[in-house]
Amino acid sequence: MTRSQMIETVARKTGFTEAQVETTMDALFDQIADCLRADEKVTIAGFGRFEMRPRKPKAYTNPKTKVSSRLESTSIPGFKRRFFADRMRFSWYTGHITTKSGPQRALRGREKKKNGVEESMLYSELQCSEAIHKAVERMGFAEMTEVQEKTIPVMLAGRDVIAKAPTGTGKTCAFGIPVAEHIDPALKAPQAVILAPTRELAQQIAEELTGLTYFMPEVQVVCVYGGANMEKQAKRLAEGCQIVVATPGRLMDHYKHYNIDLDHVTQVVLDEADEMLNMGFYKDVKHIIGLMKARKSLSMFSATISREVMDIGWMYQKDAEEITVQPKEESQPKITQYMLETSGRNKLSDLAQIIIGEGYKRVMVFCDTKFNTAALANQLARLGFSVDCLHGDLSQNERNRIMQNFRDGKLNVLVATDVAARGIDVSDVDAVINYDVPGDNEHYTHRIGRTGRAKKEGVSYLFYVPEEKKRVQELLRLTRNTDLCTPVHFDFNHEHIVVEEKKDNADRFQIKCYF
């Protein structure tokens, strides 16, 4: 099979264009050649299935489909390449090479060990401008986190990045430092665009980027998002800026009204890419990236890698560096999980008694709809609680005021919907209460993640009625919290929570009683 025939076959089987297939194959072969020069054994996953062995091609039969294929062979310096024509798999994962020494870590931060313990890289060792060093020192950062150590050198080199890292690992600084470093202060036009799924997250990113550019007075950061006055944002854009942090919908609005010029944008970052694309911004994100003709790099940061994230990476990234950060035990949040069986008429009284009886000073309560959120906030207010609610129908000024009151301790209870779960970053929330069982399994993880932040301990409660017991069991099983979530009930006087003893399922059929 010739090169052109192979490209045509791959394109026909996968639905991609021949140009896309050819570009990916060229990049892949370059990486293979580098490994071969180092005398490494090569195994490649992602771009179809490739095996590098100096053997003659044989017939191959797929055990599932019983389809027989001929394994085509093409000469590549030093080895024969075998191509499984009927087992094609395409994804953003193309070109990931595993060698004897493990996955390649090209351009990633170096690893140091002292007395057998891995030591983090210091910001003082980073090759960047003096202004960035001073800003980082002013912000109180000394050591890099794992995602920062791996990502910053790669992005400073101008390469595309797709990073999978848990929440709270310092992803904003990981892309913020390279973005600020590549800005030309003399050009008063947007040169970098950071997209975020929610207003709260966009504001947090803009605030951190403003801190990173503190000693760069010529570099301006502008944050645009829905629910705020569009004329004020347009005026701010007209004054000139180099970095724009935005939600996809509002950025599209400003572009349609000719308020923003994207012709000079060279850097694009998608933060929380999985959530943004799952919220229905897939087409908007594709359109926005397509508008940036001068784009040199595209980086995506996400807690999980969804199919939509893979598609964006395949279409717009070139030779992207894949970075994965596993959560460490010491950095995992310490959250004690409880579940409480209740009923419709007792739900409100149980909620109030938990807050009062356990002495919680700052509590977040999650409901599944806007109506339930507002109704529960009103009911708690009548009982004398200092409470407010947060949902999508509020204006941005109201949301900011409520969040500031909650941070300042003026509110003891905040009732919110799932949309607000990712954007809230308050470090000292005592407890999270799931007043309604979440409809999406991922929402449970993000809800309880609002407590136990910044290495503090937290508590979460999951309310359910008897009819929802099977759904709760399925939710805990799929989120791997079955052993972590303990059943509880109220004591005889209905004042305090009593933890139930877990049943030992090791002898569920009572076999031991016969011996």
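Quick look at the structure, then.

Here we look at the packing of aromatic side chains
Taken as a whole, this structure holds 6 aromatic pairs when the rule is applied. Consider the rings of Tyr-214 and Phe-215, whose centres lie 5.0 Å apart with planes at 80°: the pair is edge-to-face. Aromatic side chains Tyr-435 and Phe-463 sit 6.2 Å apart centroid to centroid with 45° between the ring planes, which places their arrangement in the tilted category. In this pair, Tyr-435 is assigned in the loop between β22 (431-434) and α14 (441-448) and Phe-463 in strand β23 (residues 457-464), connecting sequence segments 28 residues apart. This pair shows no difference in class: Tyr-435 is buried, exactly as Phe-463 is. Connected via pairs of aromatic rings, a cluster forms that spans Tyr-338, Tyr-360 and Tyr-461. Above the plane of the ring of Tyr-435 lies Lys-347, whose end atom (NZ or CZ) is 4.8 Å from the centre. Over the aromatic face of Phe-406 sits the side chain of Arg-362, whose NZ or CZ is 5.7 Å from the ring centroid.

What to know about the nonpolar core
Formed by 42 residues in total, the largest nonpolar core has its most connected members in Tyr-123, Ile-177, Ile-194, Ile-205, Leu-209, Ile-243 and Val-245. Put simply, the parts of the chain that give this core at least two residues each are α3 (130-138), α4 (146-156), β11 (161-164), α5 (171-181), β12 (192-195), α6 (199-212), β13 (221-224) and β14 (243-246). Not counting the four nearest positions on each side in its chain, Ile-243 is found in contact with Val-179, Ile-183, Ala-192, Ile-194, Leu-209, Thr-213, Val-219, Gln-220, Val-221 and Val-222. Counting residues in hydrophobic clusters, the runner-up holds 30 residues, among them Leu-237, Cys-241, Ile-289 and Leu-298.

Here's the deal with the sheet that holds β12
What the 7 strands build is an open sheet, ordered β13-β14-β12-β15-β16-β11-β17; its pairing is parallel. The sheet is open, and its two borders are formed by β13 and β17 (321-324), each paired with just one other strand. Neighbouring strand axes in the sheet, compared pairwise and without regard to direction, differ in orientation by 15° on average. Pairing of β11 with β17 involves 4 bridges; the strand directions are parallel. Paired with Ala-163 across the strands is Ile-323, a residue of β17. Strands in contact with α6 are β12, β13, β14 and β15 (267-271); relative to β13, the strand with the most contacts, it is inclined by about 175°.

A look at the pairing of strand β21 (residues 413-416)
Of the two faces of β21, the one lined by Val-413 and Val-415 and the one lined by Leu-414 and Ala-416 are each fully buried. Looking at chain direction, strand β19 (residues 363-366) and β21 are connected through 4 bridges and run parallel. Residue pairing in the sheet places Val-363 in a bridge with Val-413 of β21. Direction of pairing for strand β20 (residues 387-390) relative to β21: parallel, over a ladder of 4 bridges. When the bridges of β21 are listed, Cys-389 appears paired with Val-415. Regarding topology, helix α13 (residues 396-408) serves as the crossover connection from β20 to the parallel β21, and that connection is right-handed.

Side note on the packing of α4 against α5
Where α4 meets α5, the axes come as close as 9 Å, and the angle between the chain directions of the two elements is 20°. By the angle between their axes, α4 is roughly parallel relative to α5. In this structure, α4 meets α5 at a crossing whose hand is right-handed. Here α4 contributes Val-147, Gln-148, Thr-151, Ile-152, Met-155 and Leu-156 to the contact with α5, which in turn contributes Lys-171, Cys-173, Ala-174, Phe-175, Ile-177, Pro-178 and Glu-181.

Some points on the pairing of β14
Judged by which residues are buried, β14 turns out to be covered on both faces: Ile-243 and Val-245 on one side and Val-244 and Ala-246 on the other are all buried. As judged from the 4 bridges shared by β12 and β14, these two strands associate in the parallel manner. Looking across to β14, one finds that Val-193 is bridged to Val-244. Strand direction decides the pairing type here: β13 and β14, joined by 4 bridges, are parallel. Bridge pairing in β14 links Val-224 to Ala-246. As for the winding sense of the linkage, the β-α-β connection from β13 through helix α7 (residues 230-238) to β14 is right-handed.

Rules behind the numbers
Residues numbered from 1 in each chain as written. Predicted model: local features only at pLDDT ≥ 70, side-chain atom pairs only at ≥ 80, totals over all residues. Heavy atoms only, no water. Phe/Tyr/Trp six-rings, centres within 6.5 Å; stacked < 30°, edge-to-face > 60°. Helix = DSSP H or I, 4+ residues; strand = E, 2+ residues; numbered from the N terminus. Buried < 20%, exposed > 50% of the residue type's maximum accessible area, 1.4 Å probe, protein only. Lys NZ or Arg CZ within 6 Å of the ring centre and 35° of its normal. Core = buried A, V, L, I, M, F, W, Y, C linked by side-chain atoms within 4.5 Å. Contact = heavy atoms within 4.5 Å. Pairing = 2+ DSSP bridges. Axes fitted to C-alpha atoms, helices over the stretch in contact; angles between N-to-C directions. Right-handed = clockwise from strand over helix to strand, strands pointing away. Parallel < 35°, antiparallel > 145°, perpendicular 65-115°, else oblique. Left-handed = near helix turned anticlockwise from the far one by under 90°.

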